[in-house]
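# Inside the fold
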Amino acid sequence: MDEDPVDALVATAPDGIAFDGLTVDREDDRYAFETPAESHDSLDEADLRSVAADSPYVSNWYFWHAVAPQTDHRWAFLRWLEGADDRGFDDRYDALAGGLTTEWGQLRITASLDESGGRSYALRHVDDADDADSALESYDDSLAARDIAKHDDDGGYRPLKTAPSLQTGWQFPALGPAELVDAVHAVYPATVPNWYREREGELDVTHWHETVERQTGIYGVVKTWDRGDGHEHVDWVAEACCDDSQCLKRREWQYDEDTELAVDGGDGAFPCREPCSLVITAARKWTKLEAEEPQTYEFELTPSEKEQVEEIIDAVADGRTADIREADIYDGANRYRTRFLRAKLFDDDGNLCGVETDDE
Amino acid sequence: MNPDPALVIAAHGSHLNAESSSPTFAHADTIRATGAFSEVREAFWKEEPSFREALRTVDAEEVYLVPLFISEGYFTEQVIPREFRLDGWDPEMWDSDGTSATHATLTAGDTGQTVHYCGPAGTHDSMSDVIVQRAKSVTDDPDVGEGFGLAVVGHGTERNENSAKAIEYHADRIRGMDRFDEVEALFMDEDPEVDDVTDYFESEDVVVVPLFIADGYHTQEDIPEDMGLCEDYRDGYDVPTDVDGHDIWYAGAVGTEPLMADVILERAADAGADLDAAIAEIRDRTGGANPATGD
């Protein structure tokens, strides 16, 4: 890997090189070297070395064939980061000189040219885009990203890696290409290979029905929720769990291959190819709850109290409760408003309006 | 694809407890540092990368898959093979009596990789060494044994007889070492119960080692309270704590012991990986340089 790029070029030339605007061929010990900037024929090896020595096209070729990881999905992801498929070489190199930035979920990745014509990658949270380096905690080991991804800014545990709650305040100022992909993997596991499969038209999607069918053990009960009577219940699951506000993956799974869910799959960069373990765990709970028969309860609320209950549910469902100001009595989900409602309407056993939940 | 083999460690993980995956990461890091595998990847039932998607994140053509679970049973026989899409798997391929699984070689339906599917870490013979090492760690005494009783504690469940077998297997092996004055297998959910730990020992000092992979609800809350180390786990407890005239040295989950990394490697080595140097390095670094088994 630390071979000289020109040595590598000379060694590879007999096979012919055509990459990113660089063309090199050999015929009868003479070389042809061509880039959009220059064109040479009938070079001897010394001439070839001389022409190649200062060419950014050569260091670029070397980076992509000897330095960058060669696994398809890793390689394609790094190429995508600098728009290699649709940006011309000069334009790309101008951009890389100043730092070329792309977002991947809540990650902000900046690719730059390093001194040898290779790449260096800086990684931080998109919300820290404008923060000075000195304001952020710096890391150089890509495995540190595992710990970063584990908790949100409030210290809460993030069981879903693609929840839009990645903590801020950190940076990896200079990762190599393999390390960059490792760090991305630690924050958003399997997103790069799944993105690549989708790009190649080979994403394997396992839909709801099929996923539920393979459940066993304590999750086997979810099968009983699929009674062939439509998929409204799965729409509710997707609306609850798979919305952009809850998960940055774009839901590609549907009810089954022939039946699309009614709710939108979101706009995330990386595809979600089957219901995740959180969705299945939640669905298990809902399967049990949805097996209950509805009952009629009778109690009185003022119109404002009814609206307040609705506001409380909205605030909890949207994760908004922490943002409600302490003295904002105008917000129905304000803590004092809610405590007043409880004081007025709950009996000592926690029953709304004194009405017991079970009518037995 | 990378021609050098990779290691994938499959563990349970948790939606609720951030520490559940910590031992898996720690042991993976220890193994990664030896350079014995082209890649070391953690995969989880409840976290990400999920079992379903772990193999597509691994570049190697050949993978050693080691379940970081205590016993053979539902997870090792059904869930892991199914979720990793190990084509053609049948528990008969392990030809196990419940604690004797070694490995089976299969092809992953997802990726076409060759997967050496290993028995769980918890039933490997070298796990006995980790339990002894845990006793050394918690007493801070490399010679611990004489004058001490050892309780190996398992969850126990009537749904899976292999769960208790793994606990009794190691208790028997450690008893055979003649190191501790007494060795007992105790359980949370079946007899003999860990609640009555002092009834089963004459020794004044008793080391209690729960055979769990990670510290969590059972090892940090249930078991300390059940044994009478504390009324409420939030109050904490001393090590040792006096219970009915016995000093109870409570060790917490055995899976957090650094030497566990050795067991994972031993599993892969039994399945054919060339790991002699890495195993020696890890035993040296994590306190297992002189195997307590002596065999």
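Up top you'll find the structure we're talking about.
Here's a quick rundown of the structure.

## So, a negative patch on the surface
Residue and element names in this part refer to chain A. A cluster of acidic side chains, namely Glu239, Asp243, Asp244, Asp264, Asp267, Glu307, Glu311, Asp314 and Asp318, defines a negative patch on the protein surface. If you tally residues by element for the negative patch, the top one is helix α12 (residues 303-317), at three residues. Residue classification places aspartate 318 among the exposed positions, given a relative accessible area of 56%.

## Describing the nonpolar core
Counting residues in hydrophobic clusters, the biggest one holds 58 residues, and the most contacted among them are Leu9, Phe33, Phe77, Trp104, Leu107, Ile109 and Leu180 of chain A. Ranked by the residues each element gives to this core, the list is headed by helix α3 (residues 56-67) of chain A, at seven residues. Those residues within four positions of tryptophan 104 of chain A in sequence are excluded, and the remaining contacts are Phe77, Trp80, Ile109, Val184, Tyr188, Thr191, Val192, Trp195, Ala269 and Phe270 of chain A. Counting 53 residues, the second largest nonpolar core, distinct from the first, contains Val144, Ala185, Val207 and Ile264 of chain B.

## Notes on helix α5 (residues 89-98) of chain A
All names here are of chain A. Phe89, Arg92, Tyr93, Ala95 and Leu96 are the residues of α5 that are buried. Buried residues in α5, looked at end-on, bunch into an arc of 165 degrees, giving them a common side. When the buried face of α5 is taken as reference, the exposed residues oriented beyond 90 degrees from it are Asp90, Asp94, Ala97 and Gly98. Packed against the buried residues of α5 are α3, α4 (72-81), β5 (100-104), β6 (107-113) and β7 (119-125). Looking one or two places after α5, you find glycine 99, whose phi comes out positive at around 100 degrees.

## Some details on the sheet that holds strand β3 (residues 30-35) of chain A
All names here are of chain A. With respect to topology, four strands assemble into an open sheet ordered β1-β2-β3-β4, the strand pairing being antiparallel. Two strands lie at the open edges of the sheet, namely β1 (17-19) and β4 (38-43), each paired on one side alone. With strand direction ignored, the average angle separating the axes of adjacent strands in the sheet is 5 degrees. The pairing of strand β2 (residues 22-27) with β3 spans five bridges and is antiparallel. Note that in β3 the partner of aspartate 25 across the bridge is alanine 32. Its contacts with the sheet place helix α2 (residues 45-53) against β2, β3 and β4, and it is angled at close to 165 degrees to β4. Across the sheet, α3 touches β1, β2 and β3, and the angle it forms with β1 is around 90 degrees.

## Let's talk about the interface of chain A and chain B
Taken together, the contacts link 31 residues of chain A with 30 residues of chain B. Between chain A and chain B, a total of about 2,700 Å² is buried, with carbon and sulfur atoms accounting for 41% of that surface. Among the residues of chain A in contact with chain B, Arg146, Tyr157 and Arg214 of chain A are the three that bury the most area, contributing 23% of the side total. Here chain A and chain B share 10 salt bridges between them. Aspartate 29 of chain B is paired through a salt bridge with arginine 146 of chain A; the nearest N and O atoms lie 2.6 Å apart. Our count for the chain A to chain B interface comes out at 27 residue pairs in polar contact (both at pLDDT 80 or more). Looking at the side of chain A that touches chain B, the elements with two or more residues in it are α4, α6 (144-150), α8 (191-199) and α11 (277-290) of chain A. Taken together, the residues of the side of chain A that touches chain B sort by class into nine nonpolar, 12 polar and 10 charged.

## Remarks on α2 of chain A
All names here are of chain A. Taken together, the buried positions of α2 are Leu48, Val51 and Ala52. Considered in projection along α2, the buried side chains sweep an arc of 95 degrees and stay on one side of the axis. Exposed side of α2, more than 90 degrees from the buried face: Ala46 and Ser50 are the residues found there. Buried residues in α2 make contact with α1 (5-12), β2, β3, β4 and α3. Capping the start of α2 is the job of one residue whose side-chain oxygen sits 3.2 Å from the backbone nitrogen of alanine 46: aspartate 44.

## Description of the side chain of threonine 71 of chain A
Residue placement: threonine 71 of chain A occurs in the loop between α3 and α4. With relative accessibility at 16%, the residue threonine 71 of chain A sits in the buried group. Within the local environment of threonine 71 of chain A, its side chain forms a polar contact with the side chain of aspartate 59 of chain B, the two groups lying 2.8 Å apart.

## Some thoughts on the packing of α4 of chain A against helix α7 (residues 177-187) of chain A
Residue and element names in this part refer to chain A. At a closest axis distance of 10 Å, the pairing of α4 and α7 adopts a crossing angle of 95 degrees. One element, α4, and the other, α7, form an angle in the roughly perpendicular class. Here Arg74, Phe77, Leu78 and Leu81 of α4 lie close against α7, whose contacting residues are Pro177, Ala178, Leu180, Val181, Asp182 and Val184. Considering only residue class, the contact of α4 with α7 consists of eight nonpolar, no polar and two charged.

Definitions and limits used
Residues numbered from 1 in each chain as written. Chains lettered and ligands numbered in written order. Predicted model: local features only at pLDDT ≥ 70, side-chain atom pairs only at ≥ 80, totals over all residues. Heavy atoms only, no water. Patch = residues over 30% accessible without salt bridge, like charges linked within 9 Å, V, L, I, M, F, W, Y side chains within 5 Å. Areas by Shrake-Rupley, 256 points an atom, 1.4 Å probe, with all protein chains shown as cover. Salt bridge = Lys/Arg side-chain N within 4 Å of Asp/Glu carboxyl O. Lys, Arg positive; Asp, Glu negative; His and termini not counted. Charge placed at Lys NZ, Arg CZ, Asp CG, Glu CD. Helix = DSSP H or I, 4+ residues; strand = E, 2+ residues; numbered from the N terminus. Buried < 20%, exposed > 50% of the residue type's maximum accessible area, 1.4 Å probe, protein only. Core = buried A, V, L, I, M, F, W, Y, C linked by side-chain atoms within 4.5 Å. Contact = heavy atoms within 4.5 Å. Arc of directions from axis to C-beta. Pairing = 2+ DSSP bridges. Axes fitted to C-alpha atoms, helices over the stretch in contact; angles between N-to-C directions. Buried area = accessible area lost by both parts, 1.4 Å probe. Polar contact = N/O pair within 3.5 Å; in protein donor to acceptor, adjacent residues only side chain to side chain. Nonpolar A, V, L, I, M, F, W, Y, C, P; charged D, E, K, R; others polar. Parallel < 35°, antiparallel > 145°, perpendicular 65-115°, else oblique.

So far we have only geometry, and geometry alone does not tell us how the molecule works.
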